[in-house]
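Per-entry structural report
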Amino acid sequence: MPDPVVIATWPFGETAVKTSLPLLSKGQPSLAAALAGAQAVEDDPRVNSVGYGGIPNAIGTVSLDACVMDGKTLACGGVAGLENIRHAAAVARMVMEKTPHILLVGAGAQQFAMKQGFPLESLLTPESLTEWEKTKPAKKKRGEISVIPPDSHDTVTVLALDQKGNLGGVCTTSGLAHKLPGRVGDSPLIGSGLYVDNTAGAAGATGVGEEIIRIGGSFFVVEQMRAGKSPQEACELAVKRVNSTAVRRGVHPARVAFLAMDPKGQIGAACTVGTNFQYAVGKGAKSELLKAPELGPEGK
Ligand code: SD4
């Protein structure tokens, strides 16, 4: 029986880890435990990039993206552009369990959630509104992506290994602050923000979604593990790939981070330079916060 392990992005990932770990220790399945952890972050109004209290898009609407994946069966589900419903990850799980589809968006996702009994509510808080006002980009050039305020920490991605040796993962976010209405990031896209397969490993991402989608980020990391790389090596290869695409496009590498877990519960993480990516790790009765290595475009 493997020791349960759970990892989650950013310092607020500690909230997720502390919620998930006792559930895993009681024998709960990885996906249920990861979802409970992610939901604790969605509910925390102090986290202004996930769920309730997330920073709104360019027109002041909080719009959530999320997905879930089960490593045993490859069952998965997601929602994108979900408004006025705080538990986006739980809705994603319902998409997985109750529909033949994988991704529901916008009004359709909201209608589906309401039918499943999720309440409608405003996700804005006075604090998130103030932060939105304060960080509003003065003027954006056409095609320019909003810059994430340096202190706003992003998506929560939770990867868990349960006592039966099954991997499960959840990714949930309000996405880039000030994004264009209708913009979908990596977080609800299976293979970009999250990918989980018991036969190879689990991976998740955080940062500028466009860069993660461009390289098929989480799928890339899992396939590196399938080919024999360690979770650490796999994450570093994904960051190098992001860096090399940035060099080819003549732009500075965007802020992106990956984290991964193999089927034995070994973990890894890496990020682009200047990202200051920290992640929470829970194993046994212990949880801690680790800092990921940063890789520059020169690949160091
Ligand atoms: C996105 N990856 O929507 C998300 C944003 C984020 O940490 O903040 N990630 O692109």
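Residues numbered from 1 in each chain as written. Predicted model: local features only at pLDDT ≥ 70, side-chain atom pairs only at ≥ 80, totals over all residues. Heavy atoms only, no water.

**Some words on the overall build of the protein chain**
A tally of helices and strands in the protein chain yields eight helices and 13 strands. Expected size for 300 residues packed as a compact globule is a radius of gyration near 19 Å; at 17 Å, the protein chain falls within 12% of this value. The principal-axis extents of the C-alpha atoms in the protein chain amount to approximately 50 × 50 × 35 Å. Counted over contacts in the protein chain with a minimum sequence separation of 6, partners at least 24 positions apart contribute 65%. Accessible surface, the protein chain: about 12300 Å² in total, of which carbon and sulfur atoms supply 54%. Distance between charge centroids for the protein chain: 3 Å, based on 30 positive and 28 negative side chains. (Helix = DSSP H or I, 4+ residues; strand = E, 2+ residues; numbered from the N terminus. Rg over C-alpha atoms; globule rule 2.2 N^0.38 Å. Contact = heavy atoms within 4.5 Å. Areas by Shrake-Rupley, 256 points an atom, 1.4 Å probe, with all protein chains shown as cover. Lys, Arg positive; Asp, Glu negative; His and termini not counted. Charge placed at Lys NZ, Arg CZ, Asp CG, Glu CD.)

**Describing the sheet that holds strand β9 (residues 256-261)**
The strand order β7-β8-β9-β10-β13 describes an open sheet built from five strands, whose pairing is mixed. Each of the sheet's edge strands pairs with one partner strand only, and the pair in question is β7 (194-197) and β13 (294-295). Summarising the sheet, β7 and strand β8 (residues 201-207) pair through four bridges and their orientation is antiparallel. Within β8, the residue paired with V196 across the bridge is A202. Across the sheet, helix α7 (residues 217-226) touches β7, β8 and β9, and the angle it forms with β8 is around 145°. Packing of helix α8 (residues 231-249) onto the sheet brings it into contact with β9, β10 (267-272) and β13, and relative to β10 it is tilted by some 20°. (Pairing = 2+ DSSP bridges. Axes fitted to C-alpha atoms, helices over the stretch in contact; angles between N-to-C directions.)

**Structural notes on the packing of aromatic side chains**
Counted by the stated rule, this structure contains three aromatic pairs. Ring centres of W10 and F277 lie 5.0 Å apart, and the angle between their planes is 90°; this geometry places the pair in the edge-to-face category. Of this pair, W10 sits in the loop between β1 (5-9) and α1 (13-25) while F277 is found in the loop between β10 and β11 (278-283), placing the two residues 267 residues apart along the sequence. The exposure classification of W10 matches that of F277, with both residues buried. An angle of 15° between the planes, with centres 5.8 Å apart, marks the rings of F277 and Y279 as stacked. Judged by its relative accessible area of 6%, Y279 falls in the buried class. Aromatic ring contacts, followed pair by pair, group W10, F277 and Y279 into a single cluster. (Phe/Tyr/Trp six-rings, centres within 6.5 Å; stacked < 30°, edge-to-face > 60°. Buried < 20%, exposed > 50% of the residue type's maximum accessible area, 1.4 Å probe, protein only.)

**Regarding the site of the ligand**
Within the structure, the ligand sits among D154, T155, G175, L176, R183, G185, D186, S187, T206, G207 and G209. Residue D186 places a side-chain N or O atom 2.6 Å away from a nitrogen atom belonging to the ligand. One of the backbone N or O atoms of G207 is found 2.6 Å from a nitrogen atom in the ligand. In the complex, the protein chains occlude 99% of the 290 Å² of accessible area that the ligand would expose alone. Taken together, the residues of the shell around the ligand sort by class into one nonpolar, seven polar and three charged. (Near = heavy atom within 4 Å. Polar contact = N/O pair within 3.5 Å; in protein donor to acceptor, adjacent residues only side chain to side chain. Nonpolar A, V, L, I, M, F, W, Y, C, P; charged D, E, K, R; others polar.)

**Remarks on the nonpolar core**
Counting 83 residues, the largest nonpolar core has V79, V156, V221 and F258 as the members making the most contacts within it. The element best represented in this core is helix α3 (residues 88-98), accounting for seven residues. (Core = buried A, V, L, I, M, F, W, Y, C linked by side-chain atoms within 4.5 Å.)

**Some thoughts on the environment of L123**
For L123, the location among the structural elements is in the loop between α4 (106-115) and α5 (126-135). According to the relative accessible area criterion, L123 is buried, its value standing at 2%. With 68 residues separating them in the primary sequence, L123 and I55 have C-alpha atoms 9.2 Å apart. When residues no more than four places from it in sequence are discounted, the contact partners of L123 are Y52, G53, G54, V62, L64, N84, I85, R86 and S128.

**So, the pairing of β1**
Looking along a regular strand, one sees the side chains alternate between the two faces of the sheet. Taking burial as the measure, the five residues of β1 include five buried ones, the bulk of the element. Burial along β1 is two-sided: the residues V5, I7 and T9 and V6 and A8 are all buried. As defined by bridge partners, β1 adjoins strand β5 (residues 156-161) across four bridges and the pair is classed as antiparallel. Within the sheet, the bridge partner assigned to A8 lies in β5 and is V158. In terms of strand pairing, β1 meets β11 through five bridges, oriented antiparallel. When the sheet's bridge partners are listed, V5 is paired in β11 with K283.

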